[in-house]
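Coordinate inspection notes
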Amino acid sequence: MSLGTTLSERSVLIRPRRMNAGLTAQLSRGLDQDALWARWSTLEGQAVGTAFQARTFVEPLMRRLAPALGREGFVLEVSDASGPVLAVALAMRRWRGARIIELADLGYSDCCGPLVRRGARFDADALAGLDAALKASLPPHDALIFKRMAREIDGQANPFAALPGARTMGCGAIQLPAGHQLAGASATIRNGERKARKLLREGGAIRRIMERDEAQAALERGFAWRLSQSPADGPASPLAPPAARDFYREVIGNGVVTGHSVLYEIASAEGPIGLVHGFVHGGRYHGSLMAVDRDAPAARIYSPGLIGMLAAIREHLATQTGGVDFGAGNSEYKTHFRGEFRSHVMLSRARTPLGAIAIARARLYDAGRHWMRAHPEMAERIRRWRGY
């Protein structure tokens, strides 16, 4: 079956070593099926997962953004005798002719992985069944590369991280536990708090936006700031595709109303200079998007990205039961919060020689990320040399 061939929805019965560990795997290609997303919602209500596995994020990502970016998306659902146990959104892309199946983050998710039914335990037989489900259900491909997965989700093991071929990555997320105290975390944080007080004294504002229309207007400013700062000879901004901006308009516009999105705008007395966004799911905050008007003199005075992040995190830790996840980037500012670094996991398997080359490339890139995290000063010099 070629990449362009339409995949029908199919169900495959997988029988691992013990018959009572049998799993049913269903691959869905028809992403406009309301029934599919109703099943996703049902499992989500019983499962562990991050904000990036919530239906409010995954459905528009798969139904609208993936096709616009030329990706073929599909959803794999796995059930056991008790009902749905796992669901994961996947996408196929090509690299040098290689067909690569990935977790469907499309570059817009900081923490990938499946939804897993709360309390599900994957022993050796269940892992063998899940492994067989992947092999029997997925369309022909050269490589499977699942990157940026958490080893645990809300204290529960991610079964993909226990399959053969899984390895620790050089990248990961800095996390703050529930109840973490920001006061005195570092000199940079204390300086940010002083700048926030100075901003407010001088007629500025740090406020959370909770109305859809106001959020849309703030996003347009943020998009303009980010796009104007993309280096002409550097990598394109993730916000460059119009479909990506439409995706954020939908997800954040709806999210500020439902509480899934936390959007802060920072303004000086002259007007807005910064925007900080994060998703909240299961009581946990996941940093997502930041934009700063670097052409505004006030931005150099007040550091709006930092003080917006401080405001969002402080509010979250004071009102929610979960902690904070800063995402997969190696940005130096995250270290000042003095959280705990949790390495991500990559599951990779080659089915052809071309697939093996694609995996080697992915591992080499990850090794570079690991080196940059271990040498932050040199990494910052490299970023400046490249113009971003």
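As a starting point, this report considers the structure included with it.

What counts and what doesn't
Residue numbering note: each chain is counted from 1, following its sequence as written. Whole-chain, interface and lining totals are the exception, using all residues; otherwise, since this is a predicted model, local features are given only for residues with pLDDT of at least 70 and side-chain atom pairs are given and counted only at 80 or more. To obtain the side-chain values, all non-hydrogen atoms of the structure were used and water was disregarded. Think of it this way: any DSSP run of H or I at least four residues long counts as a helix, any run of E at least two long counts as a strand, and we number them from the N terminus. Burial classification: accessible surface area is computed with a 1.4 Å probe over protein chains only, and a residue below 20% of its type maximum counts as buried, one above 50% as exposed, and the rest as partly exposed. Here a cavity means grid points, on a 1 Å grid over the protein atoms only, where a 1.4 Å probe fits yet cannot get out; a pocket means an open set of points with protein on both sides within 12 Å along at least five of seven lines; lining residues are those with an atom within 4 Å of a point. Grid points are joined across faces, edges and corners, and a volume is the space filled by probe spheres set on the points. Under the convention adopted here, Pro, Cys and the residues Ala, Val, Leu, Ile, Met, Phe, Trp and Tyr are nonpolar, Asp, Glu, Lys and Arg are charged, and Gly plus all remaining residues are polar. Only the contacting stretch of a helix is used when fitting its axis, a line to C-alpha atoms as for every element, and angles between N-to-C directions run 0 to 180 degrees. Note on terminology: angles under 35 degrees are roughly parallel, angles over 145 are roughly antiparallel, angles of 65 to 115 are roughly perpendicular, and the others are oblique. Note on convention: near helix rotated counterclockwise from far helix by under a right angle means a left-handed crossing. Clockwise means right-handed. Any two residues whose heavy atoms approach within 4.5 Å are treated as being in contact. A pair of Phe, Tyr and Trp rings is counted when the ring centres sit within 6.5 Å of each other, with Trp represented by its six-membered ring. The angle between the planes then sorts it: under 30 degrees is stacked, over 60 is edge-to-face, the rest tilted. Should DSSP find at least two bridges between two strands, the strands are regarded as paired. Buried Ala, Val, Leu, Ile, Met, Phe, Trp, Tyr and Cys residues that are joined via side-chain atoms within 4.5 Å together make up what is termed a nonpolar core. We define a salt bridge as a contact between a side-chain nitrogen of Lys or Arg and a carboxyl oxygen of Asp or Glu at a distance within 4 Å. For patches, a residue must show more than 30% relative accessible area and have no salt bridge; joins then use 9 Å for like charges and 5 Å for nonpolar side chains, namely Val, Leu, Ile, Met, Phe, Trp and Tyr. Accessible surface area values rest on a Shrake-Rupley calculation with a 1.4 Å probe, where residue burial reflects the displayed protein chains alone. The charge count includes Lys and Arg as positive and Asp and Glu as negative, but it does not include His or the ends of the chains. All charge positions are set by atom: Lys at NZ, Arg at CZ, Asp at CG, Glu at CD. As used here, the arc belongs to the directions running from the helix axis to the C-beta atoms. A helix is expected to span 1.5 Å multiplied by its residue count minus one. Nitrogen and oxygen atoms within 3.5 Å of one another constitute a polar contact, given that in protein one can donate a hydrogen and the other can accept it, and given that sequence-neighbouring residues count only through two side-chain atoms.

**Some remarks on unusual backbone geometry**
- Its identity as a non-glycine residue notwithstanding, R96 has a phi of 50°, on the positive side.
- As for its placement among the helices and strands, R96 is situated in the loop between β5 (83-95) and β6 (98-103).
- For L106, which is not glycine, the phi dihedral falls at a positive 55°.
- Note on placement: L106 falls in the loop between β6 and β7 (115-117).
- By relative accessible area, L106 is classed as buried at 10%.

**Considering the layout of surface pockets**
- Computed from the structure, the second largest pocket encloses a volume of approximately 610 Å³.
- In this structure, the second largest pocket is lined by 29 residues; those nearest its centre are E152, I153, D154, Q175 and R284.
- Elements with a minimum of two residues in the lining of the second largest pocket: β3 (47-48), β9 (152-153), β11 (166-176), β15 (284-292) and β17 (340-350).
- Residue contributions to the lining of the second largest pocket peak at four residues, all from β17.
- Looking at the lining of the second largest pocket, its residues break down into eight nonpolar, twelve polar and nine charged.

**Some words on the packing of helix α2 (residues 55-68) against helix α6 (residues 242-258)**
- Following both chains from N to C, one finds α2 and α6 inclined at 160°, their axes separated by 10 Å at the closest point. The angle between α2 and α6 places the two elements in the roughly antiparallel class. Considering the relative orientation of α2 and α6, their crossing is right-handed. Side by side, α2 and α6 meet where T56, F57, P60, L61, R64, L65 and A68 of the first sit next to A243, A244, F247, E250 and V251 of the second.
- Of the residues contributing to the contact of α2 with α6, the split by class is nine nonpolar, one polar and two charged.

**A word on empty space enclosed by the protein**
- Counting across every chain of the model gives one cavity of 30 Å³ or more.
- Here the largest cavity is characterised by a volume of approximately 110 Å³.
- Lining the largest cavity are 15 residues, with F52, Q53, A89, A104 and G113 positioned closest to its centre.
- Those elements giving two or more residues to the lining of the largest cavity turn out to be α2 and β5.

**As for the packing of aromatic side chains**
- Considering all chains together, one arrives at nine aromatic pairs under this definition.
- An aromatic cluster of at least three residues, connected via ring pairs, comprises F52, F57, Y108, F247, Y248 and F279.

**Considerations on the pairing of β17**
- The sheet contact formed by strand β8 (residues 143-149) and β17 spans five bridges and is antiparallel. By the bridge assignment, L144 is partnered in β17 with R349.

**What about the packing of helix α5 (residues 212-228) against α6?**
- At their nearest, the axes of α5 and α6 sit 9 Å apart, and the two run at 145° to each other. In this structure, α5 meets α6 at a crossing whose hand is right-handed. Contacts from R212, A215, Q216, L219, E220, F223 and L227 of α5 reach α6 at R245, Y248, R249, I252, G253, N254, V256 and V257.
- Per-class residue counts for the contact of α5 with α6 are eight nonpolar, three polar and four charged.

**Points about the nonpolar core**
- In this structure, L61, M62, L86, L90, F122, F146 and F160 are the most contacted members of the largest nonpolar core, which totals 76 residues.
- Not counting residues within four places of it along the chain, the set of residues in contact with M62 comprises L31, W37, P67, G73, F74, V75, A89, L90 and A104.
- One finds L176, Y285, I313 and V324 within the second-largest nonpolar core, a separate group that totals 29 residues.

**Brief notes about the pattern of salt bridges**
- Counting across every chain of the model gives 24 salt bridges.
- Its salt-bridge partner being R118, residue D154 comes within 3.2 Å of it at the nearest N-O pair. Of this pair, D154 sits in the loop between β9 and β10 (156-157) while R118 is found in the loop between β7 and α3 (124-137), placing the two residues 36 residues apart along the sequence.
- Of the charged contacts in the structure, one is a salt bridge between E193 and R314, with a shortest N-O distance of 2.5 Å. With E193 in helix α4 (residues 187-201) and R314 in helix α8 (residues 304-319), the pair connects residues that are 121 residues apart, well separated along the chain.
- The class of E193 is buried, set by a relative accessible area of 17%.
- On the basis of relative accessibility, which here comes to 39%, the residue R314 falls in the partly exposed class.
- Shared partners join several salt bridges into a network, and the residues in it are D32, D34, R55, E59 and R63.

**A short note on a positive patch on the surface**
- Residues R190, R194, R197, R201 and R338 make up a contiguous surface patch of positive charge.
- Mapped onto the fold, R190 is located in helix α4.
- Residue class for R190 comes out partly exposed when judged on its relative accessible area of 38%.

**Brief notes about helix α1 (residues 34-44)**
- Listed in full, the buried residues belonging to α1 are L36, W37, W40, L43 and E44. Buried residues of α1, viewed axially, fall in a sector of 115°; they line one side.

**As for α3**
- Between its first and last C-alpha, α3 extends 20 Å over 14 residues, near the 20 Å set by a 1.5 Å rise per residue.
- Buried within α3 are the following residues: D125, A126, L127, G129, L130, D131, A133, L134 and S137.
- With a side-chain oxygen positioned 3.2 Å from the backbone nitrogen of D125, the residue opening α3 is D123.

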